[in-house]
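Each chain is listed here by its residues.
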Amino acid sequence: MSSIVKFEGIWGAGSETPHCYLLTVDDFTFMLDCGWDEKFDKDYVDRLSKAINRVDCVLLSFPDPLHLGAYPYLVGKCQLTCPVYATIPVYKNGQMFMYDWYQSHHSYDEFELFDLDDVDTAFERIIQVKYHQSINMRGKGLGMSVSALPAGHMLGGCMWRITRDGEEDILYAVDYNHKKERHLGGCELDKIFRPSLLITDAFNATYRPERRRQRDLKFVSQLQTTCRGGGNVLVATDTAGRVLEICHLLEQMWSTRESGLSAYTLAVLSNTSYHVMHFAKQMIEWMSEKLTKSFDSSRSNPFSLKHVKFCHTLSDLAQLPSPKVVLASFPDLECGFSRELFMQWASSSKNSIILTSRTGEGTLARRLIDNPNVRMFKLMEKRRVILDGDELEEHLAMLRQHRVMERMKDPVVDSSDEEDDPELQLLESGKHDIICLESKGESGNQGPMRSRKHHHMFPFHEEKARSDEYGEYINHADFEHLVPTLLEGEEDPSREQVQQYSRDIIEVTEPPSKCISQQVTIRVEATVLFIDFEGRSDGESISKIIEAVSPGRIILVRGSSVTLSGHAATLRSICPHTPIHTPVLGQVVLASTHTLMQQIQLSDPLLRSLKFFQTPGCRGAEVAWLDGIAKKRKRTQQLEQGDQIISSVETASDGDLVVEEAPPEKIPAHETVLINELRLSDFKQVLGKAGIMAEFNAGILWCANGTIALRKQEAGNIAVEGALTEDYYTIRGLLYDQYALL
């Protein structure tokens, strides 16, 4: 029986927006990636919020924001609780991507979509998997399994294969790379044959990149020309993805004397650069076979970079000598250190700006690539500055007022404060040896059994230590003897500083700051080059791979309208009998293997009336005979007038069918149905356990000393022939026990 498969594009369908799709197999819904970009589209957030309750499982393909940028938001703000699966490198490097992305925005803007706590919480929920590891689904997904296959492009990047009991074989493969690179192997898409559904992208369908040798030569020659001319080079790249390939290439160039680059500074500038390389050293087994064998033989780690300096701030970078080559995040030049360096270095003709990726439409990097002759750009310069003067005083006053309001709303009684204890207030120290507590409630409101424990005699008052979440409070009187005594006329140099901050004792995690922005005009005098380090398959190779895979159906996502239509036409010419879909945003595509199916639902009374029987030979399945009447589901519509409901009308919905109980007089009689696929060899073992001798002869099972014969007919039925003796009825009874009789 085939499953009902539906596909819906939340984002990335019909355009070059990031990947986010819903794939529903019967009643189980997968979310395939949940990317985001610098625009932070509110409509996308609304669609995600509405669809989040339907999601049963999330599959993450790559660690960059294009594939998981919205994941911290889903967990932190939308309360995503379903299982999330990703490979180990995607888990580690994805966290580095999100740390860097958040810090890059927080450093110049009020970024409130998610914070670092949301990132930590989200990635703690990820279930880490390995390549080719089969993960069985639970609940509504019982019988389905998913597995990650190598996809190239980025470390740990994967394609997801979804199977269901040998019926459906769905492959989700986007942004893959079939070519082997310096630190990564190619994808394994060509090893899969005839999946029932292939979901792939068309971003590179009409693009033909340079050959690797020509690209590397062009890249290195530009570095040499700029550095020898006394200029700096900005290489705009990502945080923990393609930067590994570029670092491996540049480390080899800096180690070669013939290149002449070892005299210049090579630096990686991002908020997490050191940790990214630290994780790369630990994941050699996820890299190419060549690097793995080299590491096994020489025990030299390819990412123990000797010539690369790791910087986390612009001040760290300023301490390095020039000329220098800087790999900075992010590749779109919309945020992060790459944008700041671009605004500083673009005005000098000595410098070079190298773009390594075709980012989303409308980004600064994409505008530079698409319009190389445009040299004047109006950009919004944003930065965060520390508050001072009146602004600082106003900010601290607001914090104090907010704290007072919180205390008034939620008063907390500190049981450790001895002044709040009513019994201690009644004690008069030194007046009596035996303390007599005054009796309260003499009017009769208090009974003979006091609710509080009283001292019997000679009470000892123990000082109670007061503490908060940071530990015990400090009593300054205990340390007064350590303060040096000042002579007359001398002033304490720290007194002025203490007085300055004593009035504002407020706990802050970072200095109070604000974000300011201004529009500036940048004239680009530097050399701007686009050198492709994306690491994706080209259009010609994609068409050949899909032709070799020969899927049953194809769904094309992420690409411009021209690219999608052109790629679909190419695939229809090489796969004329394969249905190809190019859905738009919000469109639901029915992608089942057999389309002439109707999904129905059983009513609760009918489901309770069914009697299920165990089938011995069908892996423990239970079957039941059903007699019912299929009807269209009725929905109740309420007619409102103002704020009042005036009437309710029941209407039949299109497409939704429900099976209800049939009246007894309309239930026809039916012949007995025996359900099982029994083999005579298995039945021979059943007869042996019952003490009946049986043996095969010419494909016939002879029983009871050759008096009864069992043979399997062409239709699959088993015929019993012989005299109507006691053995005959015994064997027939054992045969009936192997079936579910309906």
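The notes below deal with the structure included here. Note that the coordinates shown come from a computational prediction; the quantities given were computed from them, not determined experimentally. (Residues numbered from 1 in each chain as written. Predicted model: local features only at pLDDT ≥ 70, side-chain atom pairs only at ≥ 80, totals over all residues. Heavy atoms only, no water.)

**Let's talk about the nonpolar core**
Now for step 1: Ranked by size, the top nonpolar core spans 81 residues in total, and within it Y71, F219 and L327 carry the most contacts.
Now for step 2: Of the residues forming this core, the biggest block, eight residues, is contributed by helix α4 (residues 88–106).
Now for step 3: In this structure F219 touches V235, I246, L249, L250, I354, I531 and F533, once residues within four positions along its chain are discounted.
Now for step 4: Membership of the second largest hydrophobic core comes to 29 residues, among which are L23, F30, I135 and M137. (Core = buried A, V, L, I, M, F, W, Y, C linked by side-chain atoms within 4.5 Å. Buried < 20%, exposed > 50% of the residue type's maximum accessible area, 1.4 Å probe, protein only. Helix = DSSP H or I, 4+ residues; strand = E, 2+ residues; numbered from the N terminus. Contact = heavy atoms within 4.5 Å.)

**Focus on the side chain of T578**
Now for step 1: Within the secondary structure layout, T578 lies in the loop between α17 (561–574) and β23 (580–581).
Now for step 2: For T578, a relative accessible area of 11% puts it in the buried group.
Now for step 3: Not counting residues up to four positions away in its chain, the partners in contact with T578 are P551, G552, R553 and I554.

**Considering the side chain of D201**
Now for step 1: Position of D201 among the secondary structure elements: in strand β11 (residues 197–201).
Now for step 2: The buried charged residue D201 lacks any salt bridge partner; its closest oppositely charged side chain belongs to R558, at an N-O distance of 5.1 Å.
Now for step 3: A distance of 3.3 Å separates a polar atom in the side chain of D201 from the backbone nitrogen of D175.
Now for step 4: Those residues within four positions of D201 in sequence are excluded, and the remaining contacts are H19, A173, V174, D175, V557, R558 and H567. (Lys, Arg positive; Asp, Glu negative; His and termini not counted. Salt bridge = Lys/Arg side-chain N within 4 Å of Asp/Glu carboxyl O. Polar contact = N/O pair within 3.5 Å; in protein donor to acceptor, adjacent residues only side chain to side chain.)

**Brief notes about the sheet that holds strand β5 (residues 84–87)**
Picture the strands of a sheet paired through backbone hydrogen bonds; they go either parallel or antiparallel.
Now for step 1: Here we have seven strands laid out as an open sheet, ordered β6-β5-β4-β3-β2-β1-β24, and mixed in their pairing. Since the sheet does not close on itself, it has two edges, and those belong to β6 (126–129) and β24 (588–590), each with one partner. Pairs of neighbouring strands in the sheet enclose a mean axial angle of 25°, with direction left out of account.
Now for step 2: Both strand β4 (residues 57–59) and β5 contribute to a ladder of two bridges, which runs parallel. For V58, the partnering residue across the bridge sits in β5 and is V84.
Now for step 3: Lying on the sheet, helix α1 (residues 42–51) is in contact with β1 (5–11), β2 (20–25) and β3 (28–32); it crosses β1 at an angle near 145°. (Pairing = 2+ DSSP bridges. Axes fitted to C-alpha atoms, helices over the stretch in contact; angles between N-to-C directions.)

**Quick word on unusual backbone geometry**
Now for step 1: With an omega dihedral of -5°, the bond running from S322 to P323 counts as a cis peptide bond.
Now for step 2: Along the chain, S329 connects to F330 via a cis peptide bond; the corresponding omega equals 15°.
Now for step 3: By the secondary structure assignment, F330 is in the loop between β15 (324–329) and α11 (336–345).
Now for step 4: Within the chain, R299 stands out as a residue other than glycine whose phi angle is a positive 55°.

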